[in-house]
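# A look at the structure
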Amino acid sequence: MKMILLNKFGDKRVRKLKQFNRDFGEVEKKIMFFIAPQDIRGTSFMNWTYEDEREDSQWIYLPALRKIKRISSENKSDYFMGSDFTYDDLGERQLEEDTHTLLRTENFEGEECYVVENIPKNDDYMYSKTITWVSKDNWIGVKKEFYDLDGEHLKTLRVNGYKEIDGIMTITDSEMHNIQKEHRTVLELDEVKYNSDISEDVFTERKMKMGI
């Protein structure tokens, strides 16, 4: 995976990562390792998403400090590694955490979409609402708008590319645009493999420190 950071002056920073995911039924685990550039090589992040109503568990390892930090609920609104994704964005939000309203159906860049408003039931959540454009053909959220606690448009996530890999529809190119900061983060998947039987040992704090 490539993470490309773009500021309003046109400056670009490119980061390379490897990410592993596995669904264990009651919990889905994800871990990513930064492999370039050199100044952040060895940094790793792990997320566990539970099938029940528990919030995601998240950890980050910073090799310069030689320390693994557990991401608390209070820190999940922080931005991840200088990107436009918060720690919360990197996890999975439970359906029951929001009130959902179908606003309309409309065409978005050639795709017929359901436009759904999602309002959090928790007043302390970092976004006042999100609005998602969901493709009628394949249920991919091709666009998502995020609104801050003042109700102002904060950022927009757009899916710029997806394709079927091993029978699974896969997002290969997406962009988060922080409108208020005039900053963008592009995620590009260079290589995807499914059903590779990843060991549970990969998703541990020990592996976070060891790297790949």
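Just above, that's the structure.
Model, not experiment: these values are computed from the prediction.

Generally speaking, nonpolar side chains in soluble globular proteins are found buried as a group. Judged by nonpolar contacts, the single largest core of 21 residues is most densely connected at Phe 45, Ile 60 and Phe 80. Of all the secondary-structure elements, those providing two or more residues to this core are β1 (2-6), β3 (27-36) and α1 (87-90). Ile 68, Ile 198, Val 202 and Met 208 belong to the second largest nonpolar core, which has 10 residues in total.

Right, let's talk about the pattern of salt bridges for a bit. Using the criterion set out here, one finds 12 salt bridges in the structure. Among the ionic pairs, Glu 55 bridges to Lys 76, the shortest N-O distance being 3.8 Å. Here Lys 76 lies in the loop between β6 (67-70) and α1 and Glu 55 lies in the loop between β4 (44-50) and β5 (57-62), a separation of 21 residues in the sequence. On the basis of relative accessible area, Glu 55 is assigned to the partly exposed category, the value being 44%. By relative accessible area, which is 6% here, Lys 76 ends up buried. With a shortest N-O distance of 2.7 Å, Glu 175 and Arg 184 are connected by a salt bridge.

Following Ala 36, the chain continues to Pro 37 via a peptide bond in cis, the omega torsion being 0°. Mapped onto the elements, Pro 37 comes out in the loop between β3 and β4. In this structure, Asp 197 takes a positive phi of about 55° despite not being glycine. Here Asp 197 falls in the exposed class, since its relative accessible area comes to 67%.

Conventions we followed
Residues numbered from 1 in each chain as written. Predicted model: local features only at pLDDT ≥ 70, side-chain atom pairs only at ≥ 80, totals over all residues. Heavy atoms only, no water. Core = buried A, V, L, I, M, F, W, Y, C linked by side-chain atoms within 4.5 Å. Buried < 20%, exposed > 50% of the residue type's maximum accessible area, 1.4 Å probe, protein only. Helix = DSSP H or I, 4+ residues; strand = E, 2+ residues; numbered from the N terminus. Salt bridge = Lys/Arg side-chain N within 4 Å of Asp/Glu carboxyl O.

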